[in-house]
Amino acid sequence: MNKALRRAVIAGNWKMNKTPGEAAELMEQLKPLCEGAGCGVVVCAPFVDLHAVLEAAQGTGIGVGAQNCHWEQSGAFTGEISAPMLASMGVQYVIIGHSERRQYFGETDATVNRRVRAALAGGLTVILCVGEVLTQREQGVTCELVGMQTKIALGGVAPEELKNVIIAYEPVWAIGTGRTATAEQANEVCRAIRGTVSSLYGAAAGDAMTIQYGGSMNAGNAAELLAQPDVDGGLIGGASLKPADFAAIIAAAGK
Ligand code: PGA
């Protein structure tokens with residue numbers, strides 16, 4: 001399938017930034033810049049900001065996402081938030097398996113899989129993050145490792161649920177470091193992930209899957225990364241907090 005037939009999505013990951021008041025302000029700055037975007041635009045905000053962001057996003061076409069959700073619907077899980085809670089607010093997307101969750105909060109491929117299935121069951125679209133650390137890249141195991149992360153994360157996911165899955169390839173060494181993967185590296189791994197999806201669900205499913213690159217994508221390097229045949233958008237951290245930069249990345253994706 002032609003890349004042009006896949007839906008390119010630029011998603012901002014605000015991480016642990018912005019109070020609700022600041023989030024509303026940032027949305028007001030973003031809104032005019034996102035008008036007429038030629039790609040899907042999503043903002044993934046901290047839980048406490050979601051209400052403000054949803055309100056600001058009304059009628060704009062900007063999708064709203066959270067940054068994690070638990071695998072149970074409710075229960076004794078202090079500090080966690082469930083998929084039905086998010087969906088009931090009007091949240092449409094959720095990031096699952098971000099490397100910061102894996103690194104600092106003990107997320108494993110197995111818990112990522114449980115969260116993915118719960119999010120899909122709750123009606124959310126999942127932005128599933130996979131990626132290698134620098135040692136793994138140096139050991140030459142990137143594509144196998146990312147393929148394995150993808151396979152485990154998608155375990156038990158039905159073919160008809162795949163339309164609600166976006167995969168983000170995020171090399172851990174490129175996140176927040178200013179060190180971006182080259183366009184060729186990004187494309188190679190995104191293509192390998194597409195191959196994994198194809199091997200699990202068939203070629204048509206692989207062809208249709210939106211696969212983003214994330215890791216120090218910015219206004220300067222977005223065009224080259226997004227022009228790659230297997231890169232269908234981006235998951236943007238730091239640059240998503242700067243309205244002009246985020247808008248430039250959206251414009252690059254719409255080309
Ligand atoms: P970065 O973060 O753009 O700041 O590198 C990307 C991400 O963690 O999703």
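The rules behind each value
- Residues numbered from 1 in each chain as written.
- Predicted model: local features only at pLDDT ≥ 70, side-chain atom pairs only at ≥ 80, totals over all residues.
- Heavy atoms only, no water.
- Core = buried A, V, L, I, M, F, W, Y, C linked by side-chain atoms within 4.5 Å.
- Buried < 20%, exposed > 50% of the residue type's maximum accessible area, 1.4 Å probe, protein only.
- Helix = DSSP H or I, 4+ residues; strand = E, 2+ residues; numbered from the N terminus.
- Contact = heavy atoms within 4.5 Å.
- Axes fitted to C-alpha atoms, helices over the stretch in contact; angles between N-to-C directions.
- Parallel < 35°, antiparallel > 145°, perpendicular 65-115°, else oblique.
- Left-handed = near helix turned anticlockwise from the far one by under 90°.
- Nonpolar A, V, L, I, M, F, W, Y, C, P; charged D, E, K, R; others polar.

(A) Molecular detail of the nonpolar core. Among the nonpolar cores identified, the biggest contains 67 residues, and Ile10, Trp14, Met27, Val94, Leu128, Tyr213 and Leu226 are the most heavily contacted of them. For this core, the element with the most residues is helix H8 (residues 183-201), which contributes six residues. Each residue touching Leu226, except ones within four places of it in the same chain, is listed here: Lys3, Ile10, Met217, Val231, Gly233, Gly234, Ile249, Ala252 and Ala253. Formed by eleven residues, the second largest nonpolar core is a distinct cluster that contains Ala11, Val42, Cys44 and Ile166.

(B) Main features of the packing of helix H1 (residues 20-34) against helix H11 (residues 243-253). Closest axis-to-axis distance for the H1/H11 pair is 9 Å, and the angle between their directions is 30°. On the basis of their axis angle, the class for H1 and H11 is roughly parallel. Taken as a pair, H1 and H11 cross one another with a handedness that is right-handed. Facing Leu26, Gln29, Leu30, Leu33 and Cys34 of H1, the residues of H11 in contact are Pro243, Ala244, Phe246, Ala247 and Ile250. Considering only residue class, the contact of H1 with H11 consists of nine nonpolar, one polar and no charged.

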